[in-house]
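This is what each chain is made of:
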Amino acid sequence: MAKLNPMQIYKLLPRTNCKKCGMTCMAFATRLVLREVSLEECTPLTEPGYKEQLATLQELIAPLLTAEETGIKLDEEICSGCGNCVVVCPVDAKSEPDTAYGKAARTSETVFRVENGIALIINLSKCRRFPPDRVNCRVCEQGCSAGAIEIW
Amino acid sequence: MKDTVCCGCSLFCDDVCVKVQKTELSSLGLCGLGHGYYEAVISSSRLNSPLLRASDGKHTPGSMDEALDKAAELLRRSKKPLLFGWSTSPNEVIQLGLEIARSVQGVFDSTASLEYGTLLQHGLVGGEANKVSLDEVRDFGEHVIFWGANPAESHHRLASRFAVFPMGDKIPEGRESRTITVVDIRETESVRLANHQLVLKGGDADIEILSALIHELEGTDAAPPDQVAGIPAIEFLSLGKQLKLADYVAVFYGNGLLHRPQTEATLPLLTKLVSTLNTEKRRCTLLPLIAYSNTIGAVKTCLAFTKQPFAVDFASKPPKPCSALDNIVSGDFDVALSVGVDALGFLPRPAARALQKLPLISLSSLPSLTTNHARVVLPTALTGVEAGGTVNRVDGETLTLKPFQSPPKGVLTEEQILTQLLQRITDSS
Ligand code: SF4
Ligand code: SF4
Ligand code: SF4
Ligand code: SF4
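Thresholds applied
- Residues numbered from 1 in each chain as written.
- Chains lettered and ligands numbered in written order.
- Predicted model: local features only at pLDDT ≥ 70, side-chain atom pairs only at ≥ 80, totals over all residues.
- Heavy atoms only, no water.
- Helix = DSSP H or I, 4+ residues; strand = E, 2+ residues; numbered from the N terminus.
- Rg over C-alpha atoms; globule rule 2.2 N^0.38 Å.
- Buried < 20%, exposed > 50% of the residue type's maximum accessible area, 1.4 Å probe, protein only.
- Salt bridge = Lys/Arg side-chain N within 4 Å of Asp/Glu carboxyl O.
- Near = heavy atom within 4 Å.
- Nonpolar A, V, L, I, M, F, W, Y, C, P; charged D, E, K, R; others polar.
- Contact = heavy atoms within 4.5 Å.
- Buried area = accessible area lost by both parts, 1.4 Å probe.
- Polar contact = N/O pair within 3.5 Å; in protein donor to acceptor, adjacent residues only side chain to side chain.

(A) Representation of the overall build of chain A in the model. When its secondary structure is counted, chain A shows six helices and four strands. From first element to last, N terminus to C terminus, chain A shows the α and β order α-α-α-β-α-α-β-β-α-β. On C-alpha atoms alone, chain A measures out to a radius of gyration of 17 Å, which is about the 15 Å that the 2.2 N^0.38 rule sets for 152 residues. On the principal axes, the C-alpha backbone points of chain A span a range of 55 × 30 × 30 Å. Counting across all 152 residues of chain A, residues that qualify as buried make up 51%.

So, in structure tokens, the structure goes:
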């Protein structure tokens, strides 16, 4: 599947935060990558001046509609233990709600947990990319500024 | 597992735990830097006996009494001793350092004089914009700017705990509810976190972009230039627009802005940007990202004791501010005490070179350049693990460190060592 990150999408949106889609442009970009919203919901894109951006966006999201095989890899060599992945993973937020507010994961219920200064994937099967959810989530990869997480 | 407060950097993360078993250390929640800090507990190179330099120049182990006597004697006989370091020590230790400095009429200075001095000079501390807690940024920081700061590599957990990713009171969706801007002259790891990635070009780039942004925020009819400091107009105009929309803007800045030839010009502009953004409907805050863990504690404790933030000469009454660094370089001191920080590794080269020639007394847990050159080495307990006390986070928040195990045999806490040193000095006078 093509690698697509919300920032790529965000840059092509009108970036006015007009909220006609019900959220901010950044939120819309993230949801679009997750396939939780559709491009048509950003109505300003049909206004004059956005023609090229709209076409590029349509091209970019086309591959999303056919997600199949998937996996996540975490390179422990370059992980800084920053905990960004722990905090952004929606599964972690459900399993250990404090993590969504920035706290370290301390239970064994999360997908990610930082141990001995390095993040480990301790519950891969809970990741939303796998059945039953099968959503095109990439927020951990996106939040890892060290570039230690790779999703395919 | 024991709950602990990490002393690995100025964030003092207090949501972490560790377990130490003889030669094994395990932790949950600590970043790589923090885990590395705790590794000193099991390190085989840990200093565990006082060292005295013999006449042949070699270090030989001595008793604690011997080492303390020698250190007290050096300080007492000195005409002008320097007491340096402090910013990794708890406030109680810093307080003792100030008391010793007073009784030997020496000069007290901390690493803050380098890290913090410029900020004070430019009025970047103490104002309303600077009274901000990291928790406030987590809860309200709708637009967060990192200017010449690279927390992804210096304060690993700042983004996840406070500034970028967590949800908060007015930040219902975490990362998606925030706009992040990173301004730097390099494409740092932090740049990857940003919506607005401003990688500037040219020596005066910070000045140009700050001026352009202020201009834009103040409102102007003039057509914008095509680009500023390598940033296309459309980029910084959209940044300006986003800033105007935000109810809360938190600005962090770091070494990329502080230790540059243009600093004198950029800091006033940064202050101006912040005051322009501070309106009736919008709060804008400004915090420096300081590296040494308890720099803020060192400044606060020194202020309370002397009304000066750092660099105080107790030879005058009342003690007066001085420039300890210049004094070092011009060879004014005849003895130096270094506490916690590796003074020889930290100071700019000319100062380090001058300091190296003096009889040094070094308090440290691990070997360093300073202990290598020291006349007397006093091994210390590890702060936060074997020694407790009070510290201040980078935003000023007070935290209490609770020791959870005792130091190795023959090793005392900084507090115990300095108490005994002070006793010896005052007893004999
Ligand atoms: S409708 Fe389009 S322009 Fe408006 S906020 Fe949503 S994504 Fe942004
Ligand atoms: S891809 Fe999986 S592991 Fe990563 S954030 Fe999404 S759900 Fe969590
Ligand atoms: S976000 Fe990346 S660098 Fe940070 S802890 Fe997770 S894997 Fe490691
Ligand atoms: S961010 Fe700083 S205080 Fe927090 S765990 Fe890492 S080194 Fe320790």
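(B) Expanded view of the pattern of salt bridges. This model, assessed by the stated rule, comprises 27 salt bridges over all chains. For Glu36 of chain A, the salt bridge goes to Arg128 of chain A, with nearest N and O atoms at 3.8 Å. In this pair, Glu36 of chain A is assigned in the loop between helix H2 (25-33) and helix H3 (51-61) and Arg128 of chain A in the loop between strand S3 (118-121) and helix H6 (139-143), connecting sequence segments 92 residues apart. On the accessibility criterion, Arg128 of chain A (18% relative accessible area) is buried. One network of salt bridges, in which partners are shared, links Arg31, Glu36 and Arg128 of chain A together with Glu173 and Glu176 of chain B.

(C) Examining the site of ligand 3 more closely. Every residue lining ligand 3 is accounted for by Leu74, Cys79, Ser80, Gly81, Cys82, Gly83, Asn84, Cys85, Ala119, Cys144, Ala146 and Ile149 of chain A. Partitioning the shell around ligand 3 into residue classes produces eight nonpolar, four polar and no charged.

(D) Spotlight on the interface of chain B and chain A. Facing the 38 residues of chain B at the interface are 34 residues of chain A. Each partner contributes to the roughly 2,900 Å² buried at the junction of chain B and chain A, and carbon and sulfur atoms together form 47% of this total. At the surface where chain B touches chain A, the tally comes to four salt bridges. Here Arg31 of chain A makes a salt bridge to Glu173 of chain B, at a shortest N to O gap of 2.8 Å. The tally of links from chain B across to chain A stands at twelve residue pairs in polar contact (both at pLDDT 80 or more). The set of elements that each furnish at least two residues to the side of chain B that touches chain A consists of strand S2 (16-21), strand S3 (24-28), helix H1 (32-38), helix H8 (158-163), strand S10 (196-199) and helix H10 (233-245) of chain B. Here the side of chain B that touches chain A is composed, by residue class, of 14 nonpolar, 13 polar and eleven charged.

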